[in-house]
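The primary structure of each chain is shown beneath.
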Amino acid sequence: MYKSLLYPVASACRRLLPLDGMWKFKFDKKSEGNKEGWNTGLSDYDLVPVPSSFADLFTDKDSREFCGDFWYETEFVAPSEWKDRELVVRFGSVTHRATVYINGEEVTSHVGGFLPFNADITGKVKFDEMNKLVVKANNELSEKMIPCGKTSVRSDGTKYAQAYFDFFNYSGIHRSVKLMALPKLSITDYETTYEIKDDRSAIVNYNVCVEDFASDNSANYEVKVCLKDKEGNVVASSDGEKGKLKVENANLWNVRAAYLYTIVIDLVDKEGNKIDEYVDKIGIRTFEIKDGHFLLNGKPVYLRGFGKHEDSDIRGRGLDLATIKRDYECMKWIGSNCFRTSHYPYAEEMYRMADEEGFLIIDETPAVGMFESLMNAVDAASGSKAVVHWFEKETTPELLEHHKECIKDMIKRDKNHPSVIAWSLLNEPETIYECAVPYFEAVFECARQEDPQKRPRTFALVINSTPDNCKCWHLCDFVSLNRYYGWYVMGGYNIVSAEQAFRAEMDKWAKIRGDKPFIFTEYGADTSGELHKLPSVMWSQEYQDEYYDMNHSVFDSYPWVQGELVWNFADFQTGEGIIRMNGNKKGIFTRNRQPKSAAYVLKHRWEELPLDYKK
Ligand code: GCB
């Protein structure tokens, strides 16, 4: 079984056939697809684009809100030159579950909507003929997987998704699908760590994984690795699966000043013929926390930027390279240097751009919605059920296993990006009861084990995880606060009291924080892109500006606040509800990526702040 999560690239020894395009598509309203043989092909279908969410393609509400199984189909021809290769269909992501069939036969299933997986179709393909690739997907939410939610049923029997999170449950084949034709003896993974020396040289420690997918293949091969600079000159090379590359006068990867080397990994046989080749880009840099600061290459860096979403008009959460480009242009224009992939790992193209542009990424798992209190409050009030804390539910062991799988896959996929500086393991979980602690210990330990670079770990604390009652913050290498003083708490004219309450909380953290740095992973106010009002009212652009001014004056009073990530980069789609007007409007940019007036407040601030602010 081919279990690599390497980004799919073509090379001297690897072939790629992109399968993106219009695919056949069908909702399985009665869950009859398997019984009716849809795995062998769809009839009475729609055509939809891959990649894309399906929700906003149609004009009727039942399609947008569809919850259950839905099917996709495409066809491809594999040339007979590929007969001796491993053939693998690589899905960038399918939200949230997928079962893959090739020519009617089931080949694999996958759970988790935000990370890649492979369907190994070796031995199941008809060469030089049409092959049918069918995917049964499912977007039901549950408390046993992340993101958390549940699947409810309307009075007319229709299922719908009840998300425990504040973004639309966009679903579909969200990222690119590629057929890969790989050598039987393949490079399946590699990892790097870095040492920067005083004489400006650097050591790149590497470790390459090789797998032999043909039992008759003698494992007689050698691994050769070399590093090329921007001009294509070889600056270091080494032999062996594990080794060290010494780079003299190393060009370091820096914030908004990226330098990338090309790493070329070759497998060669005894005669020196190439068996496999994998080519990637890496950045030489170190990242650590010391004395309460984030140090990139030993120098302090103050984080400024955003929590984001993968969200755009019509395509929903589907990969859109134009939106990615526009987002980076907006992030550069405003003077930011960092973002969190709230609330799930993003498409790999986003990280590859960050590597090139020198942005810092806090990479987040899809662990959102682990919070029972609100639902419990309603249940408790109606006397319908005893209050059960989130992490003592009977679903917890299964949830933990799935969560750990997601952490492992996220780190496996993203560990070589210089842009990725930290892991965020959960967003706004319930932390005020002791039962959360073993769960948190397990996920924090899992991340430490998996990451060769031992990046710092954190999770985003909801407002009721306070210095008085949070049982889990001490596990963080740095603490991330989501705070809405002046919006959900004491908003509008009462913002004066909000500031006082905010400072009171910060004073308490100051007493117990040790030397851990803190950052804000969320602060924000909903704002209509059209509304101006003097004097301000909540939802007006003027209020958003005042809200940011107040929050920044608090941040600036505490030297151990080492970063500010605004919520949110852009307005984004959520489910329907009385506190959301066609989505969450806390964007600094509109959903169309045009600036609201707060964008100028932030631009002014961030362009003025030195990179090592509060050093
Ligand atoms: C939060 C959540 C985020 C929401 C945001 C809001 O704390 O982490 O997913 O969108 O608040 O705007 O309410």
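Fair warning: this is a prediction, and the values are worked out from it, not measured in the lab.

Caption draft 1: Local environment of the packing of aromatic side chains. Evaluation of the coordinates by the stated rule reveals 53 aromatic pairs. Arranged with centres 5.4 Å apart and planes meeting at 45°, the rings of Tyr-344 and Tyr-346 form a pair that is tilted. On the basis of relative accessibility, which here comes to 1%, the residue Tyr-346 falls in the buried class. For the pair Phe-502 and Phe-520, a centre-to-centre distance of 5.6 Å together with 90° between the ring planes defines the contact as edge-to-face. Placement of the pair is Phe-502 in helix α7 (residues 495-512) and Phe-520 in strand β31 (residues 518-522), with a sequence separation of 18 residues. With relative accessibility at 0%, the residue Phe-502 sits in the buried group.

Caption draft 2: Main features of helix α2 (residues 321-333). With 13 residues, α2 should reach 18 Å at 1.5 Å per residue; the first-to-last C-alpha distance of 18 Å fits that figure. What α2 keeps buried is the set Thr-323, Ile-324, Asp-327, Tyr-328, Cys-330 and Met-331. Down the axis of α2, the smallest arc covering the buried residues is 160°, so these residues share one side. What points out from α2, more than 90 degrees from its buried face, is the exposed set Leu-321 and Ala-322.

Caption draft 3: Spotlight on the packing of α2 against helix α3 (residues 348-357). Running from N to C, α2 and α3 cross one another at 35°; their axes reach a closest spacing of 11 Å. The two elements α2 and α3 cross, and the hand of that crossing is right-handed. Touching Leu-321, Ile-324, Lys-325, Tyr-328, Met-331 and Lys-332 of α2 are Glu-349, Met-350, Met-353, Ala-354 and Glu-357, all from α3. Grouping the amino acids of the contact of α2 with α3 by side-chain chemistry returns seven nonpolar, no polar and four charged.

Caption draft 4: The arrangement of the site of the ligand in detail. Around the ligand sit 13 residues, and of these Asp-166, His-343, Glu-428, Tyr-488 and Lys-586 come closest. Here an oxygen atom of the ligand sits 2.5 Å away from a polar atom, N or O, in the side chain of Asp-166. In this structure, Glu-522 approaches the ligand through a side-chain N or O atom, which is 2.7 Å from an oxygen atom. The protein chains hide 91% of the 320 Å² of surface that the ligand would expose on its own. Here the residues of the shell around the ligand sort into four nonpolar, four polar and five charged.

Caption draft 5: Highlighting the state of the cysteines. Here the structure, examined in full by the defined rule, presents zero disulfides. Not engaged in a disulfide, the cysteine Cys-148 finds its nearest cysteine sulfur in Cys-406; these two sulfurs lie 10 Å apart. Assessed through its relative accessible area of 0%, Cys-148 is described here as buried. Cysteine Cys-446 remains unbridged, with the sulfur of Cys-406 as its closest cysteine sulfur at 10 Å.

Caption draft 6: A look at the domain arrangement of the chain. Considered domain by domain, the chain is made up of domain 1 (15-182), domain 2 (185-285) and domain 3 (295-608). Across the contact, 29 residues belong to domain 1 and 41 residues belong to domain 3. In total, domain 1 and domain 3 occlude about 3,000 Å² of area from one another, counting both sides; carbon and sulfur atoms represent 60% of this. Applying the counting criterion to the domain 1 and domain 3 interface returns seven salt bridges. Its salt-bridge partner being Glu-143, residue Lys-393 comes within 2.4 Å of it at the nearest N-O pair. The interface formed by domain 1 and domain 3 contains 15 residue pairs in polar contact (both at pLDDT 80 or more). For the side of domain 1 that touches domain 3, the per-class residue count stands at 15 nonpolar, five polar and nine charged.

Caption draft 7: Inspection of unusual backbone geometry at higher detail. For the peptide bond that leads from Thr-95 to His-96, omega is 0°, which places it in the cis range. The topology assignment puts His-96 in the loop between β6 (94-95) and β7 (97-102). Note the cis peptide between Ile-146 and Pro-147, where omega equals 0°. If you trace the backbone, Pro-147 turns up in the loop between β10 (130-138) and β11 (149-153). You will see that Ser-31, though not glycine, has its phi angle at about 50°, which is positive. Locating Ser-31 in the fold gives a position in the loop between β2 (21-28) and β3 (46-50). In this structure, Glu-428 takes a positive phi of about 50° despite not being glycine. With respect to the helices and strands, the residue Glu-428 is situated in the loop between β28 (420-427) and α6 (436-450). Residue classification places Glu-428 among the partly exposed residues on the basis of a relative accessible area of 21%.

Caption draft 8: Structural context of the pairing of strand β29 (residues 457-461). Counting buried residues along β29, five of its five residues qualify, which places the element largely inside the surrounding structure. Looking at chain direction, β28 and β29 are connected through three bridges and run parallel. Bridge pairing links Ser-424 to Thr-458 in β29. For the crossover from β28 across α6 to β29, the handedness is right-handed.

Caption draft 9: Local environment of the pattern of salt bridges. Enumeration according to the criterion identifies 51 salt bridges in this entry. A salt bridge links Asp-266 to Lys-274; its shortest N-O distance comes to 4.0 Å. By relative accessible area, which is 12% here, Asp-266 ends up buried. Look at Lys-274 and you get partly exposed, because its relative accessible area is 44%. A salt bridge links Glu-277 to Lys-274, with the nearest nitrogen and oxygen atoms 2.7 Å apart. Take Glu-277: its relative accessible area is 10%, and that puts it in the buried class. One continuous salt-bridge network, built from bridges that share partners, spans Lys-61, Arg-64, Glu-65 and Glu-576.

Caption draft 10: Structural detail: a nonpolar patch on the surface. A cluster of nonpolar side chains, namely Met-22, Tyr-45 and Leu-47, defines an oily patch on the protein surface of about 330 Å² accessible area. Examined against the element boundaries, Met-22 turns out to sit in strand β2.

Caption draft 11: Highlighting the nonpolar core. Formed by 92 residues in total, the largest nonpolar core has its most connected members in Met-370, Leu-426, Phe-440, Met-506 and Ile-588. No other element matches α6, which puts eight residues into this core. Here this core spans two domains, and each of domain 1 (15-182) and domain 3 (295-608) adds at least three residues to it. Among the nonpolar cores identified, the runner-up in size contains 32 residues, and Trp-23, Phe-54, Val-135 and Ile-173 belong to it.

Calculation rules
Residues numbered from 1 in each chain as written. Predicted model: local features only at pLDDT ≥ 70, side-chain atom pairs only at ≥ 80, totals over all residues. Heavy atoms only, no water. Phe/Tyr/Trp six-rings, centres within 6.5 Å; stacked < 30°, edge-to-face > 60°. Buried < 20%, exposed > 50% of the residue type's maximum accessible area, 1.4 Å probe, protein only. Helix = DSSP H or I, 4+ residues; strand = E, 2+ residues; numbered from the N terminus. Expected span 1.5 Å × (residues − 1). Arc of directions from axis to C-beta. Axes fitted to C-alpha atoms, helices over the stretch in contact; angles between N-to-C directions. Left-handed = near helix turned anticlockwise from the far one by under 90°. Contact = heavy atoms within 4.5 Å. Nonpolar A, V, L, I, M, F, W, Y, C, P; charged D, E, K, R; others polar. Near = heavy atom within 4 Å. Polar contact = N/O pair within 3.5 Å; in protein donor to acceptor, adjacent residues only side chain to side chain. Areas by Shrake-Rupley, 256 points an atom, 1.4 Å probe, with all protein chains shown as cover. Disulfide = S-S within 2.5 Å. Domains from an automatic or database assignment. Buried area = accessible area lost by both parts, 1.4 Å probe. Salt bridge = Lys/Arg side-chain N within 4 Å of Asp/Glu carboxyl O. Pairing = 2+ DSSP bridges. Right-handed = clockwise from strand over helix to strand, strands pointing away. Patch = residues over 30% accessible without salt bridge, like charges linked within 9 Å, V, L, I, M, F, W, Y side chains within 5 Å. Core = buried A, V, L, I, M, F, W, Y, C linked by side-chain atoms within 4.5 Å.

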